[in-house]
Amino acid sequence: MAASIKKNIWLYATADGNPPEVRANQKIAASQGIMIPGSPLYLSTSGTWKASDTSDGTGDVIHGLFVGLQNSNSAWPIAAELAANTEIRVLIVDPADTFAVYCENDGTDAAAAQAQVGNQYGLTVSATAGQVGYTTLDTNNSNATVAVRQVMGNVEPEKYDLTTAPGVALVQFLEANSTGAT
């Protein structure tokens, strides 16, 4: 069975209890696909934001998550690729903050099991049309980008368990992957 459409990563909690930093008036690079909220991004050396790709051991940097367009009068949801230098808003990833993410194993939904707590995994970022930016934790990807700090089956057992797929893991970005250079 292919992985379900439950694929967005989202902010679960900040370390200090304050809202995360969201930068306004940021510029997107050309040719980044049709962005969805939560799409992982990195700040390129040219000063524009680019879509991050699946953790593959070559860079794997995620500096922020796409929040939306700066211009609140723009049509939503975005139906076409944004032009270069379109102004966007970006939630800045802080390695101390916790994010929730659905689990998969090589494209198939996977449970968020107790045995995953403490492990490091890579993320799968879809580049498929209509799914650009959907992000999951791949339990079979050893290109470490995030560390699992807990699983939702332990935090909210009335809503989640440790065996149902897709499960939800609570992760923190590794500092080298969230503050590193591109």
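Residues numbered from 1 in each chain as written. Predicted model: local features only at pLDDT ≥ 70, side-chain atom pairs only at ≥ 80, totals over all residues. Heavy atoms only, no water.

## Quick word on the overall build of the protein chain
Inference 1: When its secondary structure is counted, the protein chain shows two helices and 12 strands.
Inference 2: Secondary structure elements of the protein chain occur, N-terminal to C-terminal, as β-β-β-β-β-β-β-β-β-β-β-α-β-α.
Inference 3: Compactness check: the protein chain gives a C-alpha radius of gyration of 16 Å against a globular reference of 16 Å for 182 residues, within 12% of the reference.
Inference 4: Taken along the three principal axes of its C-alpha coordinates, the protein chain extends 45 × 35 × 35 Å.
Inference 5: Relative to its 182 residues, the protein chain shows a buried fraction of 45%.
Inference 6: Total accessible area on the protein chain stands at roughly 8,600 Å², and carbon and sulfur atoms take up 50% of it. (Helix = DSSP H or I, 4+ residues; strand = E, 2+ residues; numbered from the N terminus. Rg over C-alpha atoms; globule rule 2.2 N^0.38 Å. Buried < 20%, exposed > 50% of the residue type's maximum accessible area, 1.4 Å probe, protein only. Areas by Shrake-Rupley, 256 points an atom, 1.4 Å probe, with all protein chains shown as cover.)

## Concerning unusual backbone geometry
Inference 1: Geometrically, the link from Ala165 to Pro166 is a cis peptide bond, its omega value of 0 degrees lying close to zero.
Inference 2: Its identity is not glycine, yet Asn25 carries a phi of approximately 55 degrees, on the positive side.
Inference 3: The residue Asn25 is located in strand S2 (residues 22-27) in this model.
Inference 4: The backbone of Asp60 shows a phi angle near 45 degrees, a positive value even though the residue is not glycine.
Inference 5: Assessed through its relative accessible area of 10%, Asp60 is described here as buried.

## Considering the sheet that holds strand S3 (residues 40-43)
Inference 1: One open sheet accounts for five strands, arranged S2-S6-S5-S3-S4; its pairing is antiparallel. Every interior strand has two partners, whereas the edge strands, S2 and strand S4 (49-51), have only one. Taking each pair of neighbouring strands and ignoring which way they run, the sheet shows an average axis angle of 50 degrees.
Inference 2: In terms of strand pairing, strand S5 (residues 64-69) meets strand S6 (residues 87-92) through five bridges, oriented antiparallel. (Pairing = 2+ DSSP bridges. Axes fitted to C-alpha atoms, helices over the stretch in contact; angles between N-to-C directions.)

## A short note on the pairing of S5
Inference 1: Within S5, five of the six residues are buried, which leaves it mostly tucked inside the rest of the structure.
Inference 2: Sheet topology places S3 next to S5; two bridges connect them, and they run antiparallel. Bridge assignment links Pro40 to a residue of S5, and that residue is Leu65.

## Regarding the side chain of His63
Inference 1: In this fold, His63 is placed in the loop between S4 and S5.
Inference 2: Engagement of the side chain of His63 in a polar contact is seen with the backbone nitrogen of Leu43, the distance being 2.9 Å. (Polar contact = N/O pair within 3.5 Å; in protein donor to acceptor, adjacent residues only side chain to side chain.)

## Digging into the pairing of S3
Inference 1: As paired elements, S3 and S4 share three bridges and run antiparallel to each other. When the bridges of S4 are listed, Leu41 appears paired with Ala51.
Inference 2: Following S3, the chain reverses through five residues before pairing antiparallel with S4; Gly47 in that reversal takes a positive phi of roughly 90 degrees.

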